[in-house]
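Results of the structural survey
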Amino acid sequence: MRDRIQAVLRQLTQSSELEARWLHTLSLMEFIGARKISRTVADRHPSLSVLEHLADETRHAFAFKRLSVELAGSEITTFLCPEGAGRYFQALDHELAKWATSYTGAPDVYLHYLLTTTAIERRAMVLYPLYKAATRSPSVKEELGRVVTEEQGHRRTIEDACVARLSAVGASLDDALALEERLFGAFIEELESVVASELSALPVALSATGAPRTYSESEA
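Remember, it's a predicted structure, so these values are computed and weren't measured experimentally. (Residues numbered from 1 in each chain as written. Predicted model: local features only at pLDDT ≥ 70, side-chain atom pairs only at ≥ 80, totals over all residues. Heavy atoms only, no water.)

**Here's the deal with the side chain of Glu159**
As for its position among the elements, Glu159 is in helix α6 (residues 138–168). When its relative accessible area of 3% is taken as the criterion, Glu159 is described as buried. Here the side chain of Glu159 touches Arg122 through a polar contact of 2.8 Å, side chain to side chain. If we skip the residues at most four places from it in the chain, Glu159 touches Thr118, Arg122 and Leu173. (Helix = DSSP H or I, 4+ residues; strand = E, 2+ residues; numbered from the N terminus. Buried < 20%, exposed > 50% of the residue type's maximum accessible area, 1.4 Å probe, protein only. Polar contact = N/O pair within 3.5 Å; in protein donor to acceptor, adjacent residues only side chain to side chain. Contact = heavy atoms within 4.5 Å.)

Right, dumping it as structure tokens:
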């Protein structure tokens, strides 16, 4: 999986237009995460740790949106594989909740929050460093380093709480992470197809507009 993620990130960062849309997609995913927090464990004034997490996810959504504007030259409305990204997030949230409920016997909103957060932040710790290595934009590299630091700041506490709750009902985090791996694999498969199609069409777009849309050698 790691090699596939690395390969598709290297491909999409060949084009500033595709990378801007990818950043816009990441912003969307961070926003979906923030919205889910606000509608569940933060539907009323939450604990300090939950409020910090909500603030971080909101800031990440803003930061990635701002970077998409920087790369595109103006605010954009398009994404890169948004349907696949949405399916991944929604399916992960739903299936983890269903899996956890099979152990707890009744829905546990806070456990579902811990599970989804743990799975997504585990994924971020793989995805964002690989993206940082692939991008040619200094601004993106700098922001990704900041995001990873922020994610690491609360990941351990959330994951420890998640493992403790799962252990109490005889469940293993490994099973939940395997479920996430399968769902993220489906998203990467869609992303690979979209990126390949977009890149193959790029020279046609270039000749039609006469405007360069990929990084120049001086930007590499």
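Having put the structure on the table, let's press on.
**Focus: the nonpolar core**
By size, the foremost hydrophobic cluster in this structure holds 60 residues, and its most contacted members are Leu9, Trp22, Leu115 and Tyr128. For this core, the secondary-structure elements that each account for two or more residues are α1 (2–12), α2 (16–39), α3 (48–72), α4 (82–104), α5 (109–134), α6 and α7 (173–209). Those residues in contact with Tyr128 that lie beyond four places of it in its chain are Leu26, Glu30, Phe64, Leu144, Val147 and Val148. (Core = buried A, V, L, I, M, F, W, Y, C linked by side-chain atoms within 4.5 Å.)

**Here's the deal with the confidence of the model for the protein chain**
Atomic detail in the predicted coordinates should be set aside for any region of low pLDDT. Put simply, the protein chain has an average pLDDT of 90, and 92% of its residues get 70 or more. Confidence scores differ between elements of the protein chain, with α7 showing the lowest mean pLDDT of 86 and α1 the highest of 97. Contacts of residues 205–220 to residues separated by more than four positions or lying in other chains number 22 contacts, the stretch itself having pLDDT below 50. (pLDDT = per-residue confidence, 0-100.)

**Brief notes about the side chain of Glu19**
The topology assignment puts Glu19 in helix α2. Of the side chains bearing the opposite charge, Arg136 lies closest to the buried Glu19, which forms no salt bridge; the N-O distance is 7.2 Å. Of the polar contacts made by the side chain of Glu19, one reaches the side chain of Tyr131; its length is 2.7 Å. (Lys, Arg positive; Asp, Glu negative; His and termini not counted. Salt bridge = Lys/Arg side-chain N within 4 Å of Asp/Glu carboxyl O.)

**Quick look at the packing of α2 against α3**
Following both chains from N to C, one finds α2 and α3 inclined at 160°, their axes separated by 8 Å at the closest point. Taken as axis vectors, α2 and α3 run roughly antiparallel relative to one another. The crossing of α2 and α3 is left-handed. Looking at the contact of α2 with α3, its residues break down into 13 nonpolar, 8 polar and 4 charged. (Axes fitted to C-alpha atoms, helices over the stretch in contact; angles between N-to-C directions. Parallel < 35°, antiparallel > 145°, perpendicular 65-115°, else oblique. Left-handed = near helix turned anticlockwise from the far one by under 90°. Nonpolar A, V, L, I, M, F, W, Y, C, P; charged D, E, K, R; others polar.)

**Quick look at the pattern of salt bridges**
One pass over the full model with this rule turns up 19 salt bridges. Put simply, Glu75 and Lys65 hold a salt bridge, and the shortest N to O gap is 3.6 Å. A residue pair is termed long-range when its members are at least 10 positions apart, and Glu75 in the loop between α3 and α4 and Lys65 in helix α3 qualify at 10 residues. The partly exposed category is assigned to Lys65, whose relative accessible area is 28%.

**Considerations on α4**
An α-helical turn contains 3.6 residues, so a residue and the one three or four places further along point in the same direction. With 23 residues, α4 should cover 33 Å at 1.5 Å per step; its first-to-last C-alpha distance of 33 Å lies within 8% of that length. Residues of α4 that are buried include every one of Gly84, Ala85, Gly86, Tyr88, Phe89, Leu92, Leu96, Ala97, Trp99 and Ala100, and no others. Positive backbone phi, at 85°, marks Gly105, one or two positions downstream of α4. (Expected span 1.5 Å × (residues − 1).)

**Some points on the packing of α2 against α4**
Following both chains from N to C, one finds α2 and α4 inclined at 25°, their axes separated by 10 Å at the closest point. If you check the angle between α2 and α4, you find them roughly parallel. Classified by chirality, the crossing of α4 by α2 is right-handed. Residues Thr25, Leu28, Met29, Ile32, Gly33 and Lys36 of α2 form the contact with α4, whose own contacting residues are Pro82, Ala85, Tyr88, Phe89, Gln90 and Asp93. By residue class, the composition of the contact of α2 with α4 is 7 nonpolar, 3 polar and 2 charged.

**Considerations on the environment of Ser15**
For Ser15, the position within the fold is in the loop between α1 and α2. By relative accessible area, Ser15 is classed as buried at 0%. The spatial distance from the C-alpha of Ser15 to the C-alpha of Ser137 is 11 Å, given a sequence separation of 122 residues. At 3.3 Å, the side chain of Ser15 and the backbone nitrogen of Glu17 are in polar contact.

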